[in-house]
Amino acid sequence: MRSPLSSRGNKAATHAVLSLLCAMIALRPSPPTAAAFTHPIAQSTIVHSKSISALHESVMDSPPAVPAITNGMPDILSDFCHETSPRLPYSPTGYSTWKWVTHHNPLAQQTNNNNNTNEPTTSPTTTTTIHSINYLALGPTTAPAIVLIHGFGASAYHWRHNLPPLARSHRVYALDLLGFGWSDKPVMDYDASVWRDQVVDFVREVVLREDGGSGSRGVVVAGNSLGGYTAMYAAGDTRIKEYVRGCVLLNSAGRFRDPEGEVIKAEPNPVVKSISAAIQRLVIAASFIYTKQPARIEQILRNVYPVNSLNVDSELVQSIQTPSLDPNAAEVFYRVITKNGSGPQAYVDDIIQSLECPVLLCWGEKDPWIRSAAADRMENLHAQFHGDSDERWMKRVSVDAGHCPHDESPEEVNQAILEFVGEVFR
C-alpha cells in the first residue's frame, strides 16, 4: 500500500500530513492502513519458534508459557454492572490484557526487508514477539460473540455506549489494536495485515477458547472506520471465516480499486526523495505536537459529531489524548504515514468478494470524511459479487450521524446491530 504522502508531489506533503493528523485524533481512515498510540510501553519479549504456524497451533492446543490472558479488572469496574449501566466507565489504565504472540515485530520486518519480501518469515530463526493487548469482555460466556474494533486513533473505550446494551444478550469483546489505546506500541512499520492477523488470532485464542474450544461458537465482527476495514479483512480470512456469522461496517475505511487501473509512477530522484522525507518528518513532528492538545482534539471531534456533539465529553477527549503522550507516539505516527507502503495491498473490492457471511452497513450519512458514496459502492460491489445470495446478503441502515455513528447515535446503532445479530444467529 502506498503511503498517502508518497502518492502526491512534494507540494502536497503538508496538506496530506495535516489531513492525516485529523485522522489520528478523530478516527479518520488512512485507506487501508493506519495506526495510533498507546499508554506506557511494555518491553516486548522476544522468543524463537520453528515456524509461525507451529506456534499458533501450540497456542490453540495448550496453554502458552506466558499466561495468554490477564483477567484482572481495574477498580473502576468493581461496582459496574452492564445489565443496568448504559455506559462503560472510563479506565485511564486500560482493562484486561491478552498476550499476542506474533511475527509482527521490528526484527522480523527487518529480516523480511533484507529478503525483499512481504511474506512472514517462517524459517527456524524466525523471531516472534509477545505484545500486550488491552481488551474488555462483557456478557454471558456461553452466548454468541460480538467483537468490536475501534477506528484510527481510538480505543476499546470508544464503544462505551455499545458494550453494556449488547452484552445483555451476547458475549461482547472490544480490543485495542496494536499501536492504539493501551495496547503495546512497537516502533515498526504498520500495514493492514498487522491488524487483520491480530483480530484473527484474538478470535482463535480468546473468543473461541473461552467457549471451551468446541468450535461451535458463532462470531460477528464489527468495526468503525479503520476498524471496519479490519473487521471485513479478518472476516474473510480463511483461518476464521467458518466461525464468522456476520460483519458490521460502520463508516468503514479502505481503498477501492481504480476502475481505470493504477498508474505506475516513476521513482523520484534519490536526492529529492531524501529532502522530501526530511521535510515530512519536520512537518509531522510539529503538527503532532499541536494536534494532540485537548482543545484541538475536542474541536476535531465536534466536527465529526455533527448531530450530537454533546457526546464529545472530557472522558472521550482524555481517552484519545492519553495514548498520544506515550514517548513512542510521534515516531509511530511518522512511520504509519510514511512507511505504510511496505505491506501487502488489500482492496475493499477483493475483501468484499471474499466474504462468505451477511454484512450490515450501519452508516452515518453525515460523515464529513467518508461520504455515503463509499457505502453505495460497497453495496454495488456486493451485488456484483454475490447477487441475491441467501447466505451472503447485505443490509444497509442509514444513521443520522457523522463518522462515528456508534458513539454519536448509540441507541439507533445498538438496535441495528441487535436486529442484525438476531438474524445471523437465528
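As the structure is a prediction and not an experimental result, all values here were calculated from the model.

A. Summary view of the overall build of the protein chain. When helices and strands are tallied, the protein chain shows 14 helices and 10 strands. The buried share of the protein chain, taken over its 426 residues, is 57%. Accessible area for the protein chain stands at about 17,300 Å²; split by element, carbon and sulfur atoms hold 51% of it.

B. Just the packing of aromatic side chains, in detail. On inspection of all chains with the given rule, the structure shows 11 aromatic pairs. Their ring planes at 75° and their centres at 5.3 Å tell us that Trp-98 and Phe-202 sit as a pair that is edge-to-face. Residue Trp-98 is located in strand E3 (residues 96-102), and its partner Phe-202 is located in helix H5 (residues 192-210); the two are separated by 104 residues in the primary sequence. With a centroid separation of 5.6 Å and 70° between ring planes, the pair formed by Trp-393 and Phe-420 is classed as edge-to-face. Taken together, the positions of Trp-393 in the loop between helix H12 (372-386) and strand E10 (394-399) and Phe-420 in helix H14 (residues 410-424) put the pair 27 residues apart, joining distant regions of the chain. Classification of Phe-420 by relative accessible area gives buried; the value is 0%.

C. Spotlight on the packing of H5 against helix H6 (residues 226-235). The N-to-C vectors of H5 and H6 enclose an angle of 65°; their axes lie 9 Å apart at closest approach. By crossing handedness, the relation of H5 to H6 is classed as right-handed. Only Leu-226, Tyr-229, Thr-230, Tyr-233 and Ala-234 of H6 make contact with H5, whose side of the interface consists of Ala-192, Ser-193, Trp-195, Arg-196, Val-199 and Val-200. Class assignment of the residues belonging to the contact of H5 with H6 gives a composition of 8 nonpolar, 2 polar and 1 charged.

D. Fine view of the pattern of salt bridges. This structure, assessed with the given rule, holds 21 salt bridges. Asp-407 is the salt-bridge partner of Arg-160, the closest N and O atoms lying 2.9 Å from each other. In this pair, Arg-160 sits in the loop between strand E5 (145-149) and helix H4 (163-167) while Asp-407 sits in helix H13 (residues 405-408), placing the two residues 247 residues apart along the sequence. We note that Arg-160, like Asp-407, is buried. Of the charged contacts in the structure, one is a salt bridge between Glu-423 and Lys-395, with a shortest N-O distance of 3.9 Å. Remark: Lys-395 occurs in strand E10 and Glu-423 occurs in helix H14; sequence separation between them is 28 residues. The exposure class assigned to Glu-423 is partly exposed, which follows from its relative accessible area of 34%. Here the salt bridges share partners, and the residues they tie into one network are Arg-87, Arg-160, Asp-313, Glu-315 and Asp-407.

E. Just the pairing of E10, in detail. Bridging between strand E9 (residues 359-364) and E10 involves 6 bridges; their strand directions are parallel. Looking at the pairing, Trp-363 lines up with Ser-398 of E10. Following the chain from E9 across H12 to the adjacent parallel E10, one finds a crossover that is right-handed.

F. Geometry of the confidence of the model for the protein chain. Summarising the model, the protein chain shows a mean pLDDT of 79, and 68% of its residues fall at 70 or more. In this model, residues 1-67 is a region of pLDDT below 50 whose contacts with residues beyond four sequence positions or in other chains number 204 contacts. Counting interchain partners and residues more than four positions distant, the pLDDT-below-50 stretch residues 120-125 has 15 contacts.

G. Quick look at unusual backbone geometry. A positive phi angle, near 60°, is found at Ser-225, a position not held by glycine. As for its placement among the helices and strands, Ser-225 is situated in the loop between strand E7 (219-224) and H6. Although it is not a glycine, Asn-251 adopts a positive phi angle of roughly 50°. Following the sequence through the fold, Asn-251 ends up in the loop between strand E8 (244-250) and helix H7 (270-291).

H. View of the nonpolar core. By size, the foremost hydrophobic cluster in this structure holds 58 residues, and its most contacted members are Val-147, Phe-202, Met-232 and Met-378. At 10 residues, the largest contribution of residues to this core is made by H5. In this view, Met-232 contacts Cys-247, Leu-249, Ser-252, Ala-253, Val-348, Ile-351, Ile-352, Leu-355 and Met-378; residues no more than four positions away in its chain are not counted.

I. Spotlight on the environment of Gly-228. Turning to its location among the elements, Gly-228 is positioned in helix H6. Each C-alpha atom, one on Gly-228 and one on Ile-149, is 7.1 Å from the other, the two residues being 79 residues apart in sequence. Every residue in contact with Gly-228, bar those within four places of it in the chain, is listed here: Gly-223, Leu-249 and Ser-252.

J. H12, seen in detail. Taking 1.5 Å of rise per residue, the 15 residues of H12 would be expected to cover 21 Å, and the 21 Å separating its terminal C-alpha atoms lies within 8% of that figure. Those residues of H12 not exposed but buried are Ser-372, Ala-374, Ala-375, Met-378, Leu-381, His-382 and His-386. Looking at the buried positions of H12, the neighbouring elements they touch are H6, E8, helix H11 (348-354), E9 and E10.

K. Examining H14 more closely. Helix length check: H14 (15 residues) gives 21 Å between terminal C-alpha atoms against 21 Å at 1.5 Å per residue, within 8%. Listed as buried for H14 are Pro-410, Val-413, Asn-414, Ala-416, Ile-417, Phe-420, Val-421 and Val-424. Projected down its long axis, H14 shows its buried positions confined to an angular sector of 165°, all on one face.

L. Inspection of the pairing of E9 at higher detail. Extensive coverage of E9 is indicated by the burial of 6 of its 6 residues. Judged by which residues are buried, E9 turns out to be covered on both faces: Val-359, Leu-361 and Trp-363 on one side and Leu-360, Cys-362 and Gly-364 on the other are all buried. Inspection of the sheet shows E8 paired to E9 by 3 bridges, in the parallel sense. By the bridge assignment for E9, Val-248 is matched with Leu-360.

M. Inspection of the environment of Thr-93 at higher detail. For Thr-93, the location among the structural elements is in the loop between strand E2 (69-70) and E3. On a C-alpha basis, the gap between Thr-93 and Asn-134 in space is 9.4 Å, while along the polypeptide they are 41 residues apart.

Rules behind the numbers
- Residues numbered from 1 in each chain as written.
- Predicted model: local features only at pLDDT ≥ 70, side-chain atom pairs only at ≥ 80, totals over all residues.
- Heavy atoms only, no water.
- Helix = DSSP H or I, 4+ residues; strand = E, 2+ residues; numbered from the N terminus.
- Buried < 20%, exposed > 50% of the residue type's maximum accessible area, 1.4 Å probe, protein only.
- Areas by Shrake-Rupley, 256 points an atom, 1.4 Å probe, with all protein chains shown as cover.
- Phe/Tyr/Trp six-rings, centres within 6.5 Å; stacked < 30°, edge-to-face > 60°.
- Axes fitted to C-alpha atoms, helices over the stretch in contact; angles between N-to-C directions.
- Left-handed = near helix turned anticlockwise from the far one by under 90°.
- Contact = heavy atoms within 4.5 Å.
- Nonpolar A, V, L, I, M, F, W, Y, C, P; charged D, E, K, R; others polar.
- Salt bridge = Lys/Arg side-chain N within 4 Å of Asp/Glu carboxyl O.
- Pairing = 2+ DSSP bridges.
- Right-handed = clockwise from strand over helix to strand, strands pointing away.
- pLDDT = per-residue confidence, 0-100.
- Core = buried A, V, L, I, M, F, W, Y, C linked by side-chain atoms within 4.5 Å.
- Expected span 1.5 Å × (residues − 1).
- Arc of directions from axis to C-beta.

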